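Structural description and commentary
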Amino acid sequence: MAEDDLEFQQQLTNAIYNGLKELKEQYLIGAKTKNEEVIKQIRHKSKPTLQMFEFKGIIEELQRGKDILESVGYDSSFEEHMNILLGKIEAALQDVHELV
């Protein structure tokens, strides 16, 4: 996408990293306060970036979390989902950080 433009590559990488951090932080806030709207907003905001850069595992886990909230709410399966999602986001953050 950025071809040989190193400055743009750096800006893009930083934007992806910051977007992943925001996803993690806001999702944690939404889960802690059991505020589905916060989770919905950050999921919606993050989706284009996640799709563009093919973070399929995170996208799938976000969908799983949405399905859990819609069907059973904040129960033990949501806790399990959170642990998996946070692990995937953390792995992606480390991968992107190595590019910075």
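Residues numbered from 1 in each chain as written. Predicted model: local features only at pLDDT ≥ 70, side-chain atom pairs only at ≥ 80, totals over all residues. Heavy atoms only, no water.

What follows covers the packing of helix α1 (residues 6-33) against helix α3 (residues 56-71). At their nearest, the axes of α1 and α3 sit 14 Å apart, and the two run at 20 degrees to each other. With respect to α3, the element α1 is oriented roughly parallel. Both α1 and α3 take part in a crossing whose hand is left-handed. Where α1 approaches α3, its residues Leu20, Leu23 and Tyr27 are matched on the opposing element by Ile58, Leu62 and Gly65. Of the residues that constitute the contact of α1 with α3, the class distribution is 5 nonpolar, 1 polar and no charged. (Axes fitted to C-alpha atoms, helices over the stretch in contact; angles between N-to-C directions. Helix = DSSP H or I, 4+ residues; strand = E, 2+ residues; numbered from the N terminus. Parallel < 35°, antiparallel > 145°, perpendicular 65-115°, else oblique. Left-handed = near helix turned anticlockwise from the far one by under 90°. Contact = heavy atoms within 4.5 Å. Nonpolar A, V, L, I, M, F, W, Y, C, P; charged D, E, K, R; others polar.)

On to a negative patch on the surface. On the surface, Glu36, Glu37, Asp67 and Glu70 cluster together into a negatively charged patch. Put simply, the parts of the chain that give the negative patch at least two residues each are α2 (36-52) and α3. Checked against the element boundaries, Glu37 lands in helix α2. When its relative accessible area of 42% is taken as the criterion, Glu37 is described as partly exposed. (Patch = residues over 30% accessible without salt bridge, like charges linked within 9 Å, V, L, I, M, F, W, Y side chains within 5 Å. Areas by Shrake-Rupley, 256 points an atom, 1.4 Å probe, with all protein chains shown as cover. Salt bridge = Lys/Arg side-chain N within 4 Å of Asp/Glu carboxyl O. Lys, Arg positive; Asp, Glu negative; His and termini not counted. Charge placed at Lys NZ, Arg CZ, Asp CG, Glu CD. Buried < 20%, exposed > 50% of the residue type's maximum accessible area, 1.4 Å probe, protein only.)

So, on to the packing of aromatic side chains. For the structure on display, the rule yields 2 aromatic pairs. Their ring planes at 15 degrees and their centres at 6.4 Å tell us that Tyr27 and Phe78 sit as a pair that is stacked. With Tyr27 in helix α1 and Phe78 in helix α4 (residues 76-99), this pair connects stretches of sequence that are 51 residues apart. Overall, Tyr27 belongs to the buried group, its relative accessible area being 0%. When the ring of Tyr74 is compared with that of Phe78, the centres are 5.0 Å apart and the planes differ by 75 degrees; the resulting orientation is edge-to-face. For Tyr74, a relative accessible area of 24% puts it in the partly exposed group. Here Phe78 falls in the buried class, since its relative accessible area comes to 3%. An aromatic cluster of three or more residues is present, and its members are Tyr27, Tyr74 and Phe78. (Phe/Tyr/Trp six-rings, centres within 6.5 Å; stacked < 30°, edge-to-face > 60°.)

Core analysis: the largest hydrophobic core is formed by 22 residues, its most contacted members being Leu20, Leu23, Tyr27, Phe55, Ile58 and Phe78. Listed by contribution, the elements that provide at least two residues to this core are α1, α2, α3 and α4. A per-element tally of this core places α4 first, with 8 residues. Beyond its immediate stretch of four places on either side in the chain, Phe78 contacts Tyr27, Ala31, Ile39, Gly65, Ile68, Leu69 and Gly73. (Core = buried A, V, L, I, M, F, W, Y, C linked by side-chain atoms within 4.5 Å.)

Taken as a whole and judged by the stated rule, the model has 4 salt bridges. With a shortest N-O distance of 2.6 Å, Arg64 and Glu61 are connected by a salt bridge. With Arg64 and Glu61 both in helix α3, this residue pair falls 3 residues apart, about one helical turn. Accessibility expressed as a relative area gives 27% for Arg64, which makes it partly exposed. Here Arg64 ties to Glu80 by a salt bridge, and the two come within 3.5 Å at their closest N and O atoms. Residue Arg64 is found in helix α3, and its partner Glu80 is found in helix α4; the two are separated by 16 residues along the sequence.

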